[in-house]
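Chains, contacts and geometry: an overview
In case you want the letters, here they are:
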Amino acid sequence: MGYIVALLFVLLGLYKKESKCVSTAILLYISILIGFNEGSADYWVYETMYYNCFDPIFATHEPGYMLLCKVFSSLGFSFVFFRTFLGMLMAALYYEAIRFFTQNVNFALALLLVFPLCAAPSGLRNSLSGAIILYAVHFLFEKKNCYLLKYFFTVLLATLFHYNSVFFFILPIAAIRKFKFSTLLVTTLAVIPALVLVAKTNLPYLILSRITSSEKVLHWFHFSFFFGKIYIFALALALVMIFLLYYSKKFLPKYPISGCTSQEDVITMSKIGALTLLSFSGAIFKSVVFLRYLITLMPLYYVFLSETLCSRKGDTAETVKVKRALRVFLPFFCAFLLWFVYGFWIGGDAIHNFQKNLLFSQLS
């Protein structure tokens, strides 16, 4: 039942890209997916944390998340209610942020269901923090009064739910230098072999282990290395992402996306897309940190895809023809993405989150 419903909403989102009814249905589904989950990888950890949130053993966890746990548990709400509240909050943040950048909201939401929302029940803190970061990014393009201050304050808020979000304090740097596609290609191709070397030697981990014994710090720098045909598929996905990003860069300066009012803004978004590729390159070497960056940045990449693959006002006949041809890559992109989640990173647990659901179990 869970898989069928998820597939239905993905297809509806890709087909009915601007329907508010479909948006509402997908957002409700996201809340149910997260709220009624009963068997994700870290489910029991989060449940224990919730019902024992006043225990000193959890004092080192992110204060914002622990404060929410204390408030809701003190009021007598169940863990399911708490998770459902977080799901609704994430859904609202995703919707508001994506709506700023594109009219094809459901297209991006549909791809979100493929990844990373299928993994959201397994990482509540990072997923909530990532949704807050995504909302913060729109301040960089809105450029209203004190927009940088608003961005930094919102990122600071996100770090209260997951410390990994400190990385995004440097994101405004993406607006400084002009983006070139050749730079993206060379950088990505240079980073991948560099990560192979790092993963094989585990050098950062070995150096830092001499400075600190804290596993909370050390696990940020731990890579796992094994080589095989699995990396050929990972490289194929990276190349598809580069190809689609290239065409985003080619089309968007002429027809800026909804939230980007100038060519400079589009260039900035292109560089954020490049960061997504670099995060993916790190994630394929089993780096938890890079995976968390990828989870946060992927929605912005989906905004690119929605504007690159979907027809819009101002498109010439030639542009429409090219976009239709590019849509051929979408099934391959989704297939590679599902393989990445199911067969490589989370061993199937994330995909099973569609089925491990109290509500869907009852309906089945």
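The following refers to the structure shown. On a predicted model such as this, the values are computed, not experimentally measured, just so you know. (Residues numbered from 1 in each chain as written. Predicted model: local features only at pLDDT ≥ 70, side-chain atom pairs only at ≥ 80, totals over all residues. Heavy atoms only, no water.)

Remarks on the pattern of salt bridges
If you walk through the whole model with that rule in mind, you get two salt bridges. Here Glu62 ties to Arg125 by a salt bridge, and the two come within 2.6 Å at their closest N and O atoms. In this pair, Glu62 sits in the loop between α3 (43-51) and α4 (63-74) while Arg125 sits in helix α7 (residues 124-142), placing the two residues 63 residues apart along the sequence. For the pair Glu62 and Arg125, one class covers both residues: buried. Note that Arg99 and Glu96 form a salt bridge whose closest N and O atoms lie 2.9 Å from each other. (Salt bridge = Lys/Arg side-chain N within 4 Å of Asp/Glu carboxyl O. Helix = DSSP H or I, 4+ residues; strand = E, 2+ residues; numbered from the N terminus. Buried < 20%, exposed > 50% of the residue type's maximum accessible area, 1.4 Å probe, protein only.)

So, the nonpolar core
Core analysis: the largest hydrophobic core is formed by 85 residues, its most contacted members being Tyr29, Tyr65, Phe82, Tyr151 and Tyr302. Among the elements that make up this core, the one with the highest residue count is helix α14 (residues 288-309) (13 residues). Leave out the neighbours within four places in its chain, and Tyr302 touches Phe107, Ala108, Leu111, Leu112, Phe115, Phe333 and Leu337. (Core = buried A, V, L, I, M, F, W, Y, C linked by side-chain atoms within 4.5 Å. Contact = heavy atoms within 4.5 Å.)

Points about the packing of α3 against α4
Relative orientation of the contacting elements α3 and α4 amounts to 65°, with a least axis distance of 8 Å. On α4, the residues touching Tyr46, Met49 and Tyr50 of α3 are Tyr65, Met66, Cys69, Phe72 and Ser73. Grouping the amino acids of the contact of α3 with α4 by side-chain chemistry returns seven nonpolar, one polar and no charged. (Axes fitted to C-alpha atoms, helices over the stretch in contact; angles between N-to-C directions. Nonpolar A, V, L, I, M, F, W, Y, C, P; charged D, E, K, R; others polar.)

Side note on a nonpolar patch on the surface
Among the surface-exposed residues, Leu67, Val71, Leu75, Phe77, Phe81, Phe85 and Leu89 lie close enough to one another that they form a single nonpolar patch of about 610 Å² accessible area. Broken down by secondary-structure element, the contributors of at least two residues to the nonpolar patch are α4 and α5 (79-101). Here the nonpolar patch gets three residues from one element, more than from any other, and that element is α5. Note that Leu89 resides in helix α5. (Patch = residues over 30% accessible without salt bridge, like charges linked within 9 Å, V, L, I, M, F, W, Y side chains within 5 Å. Areas by Shrake-Rupley, 256 points an atom, 1.4 Å probe, with all protein chains shown as cover.)

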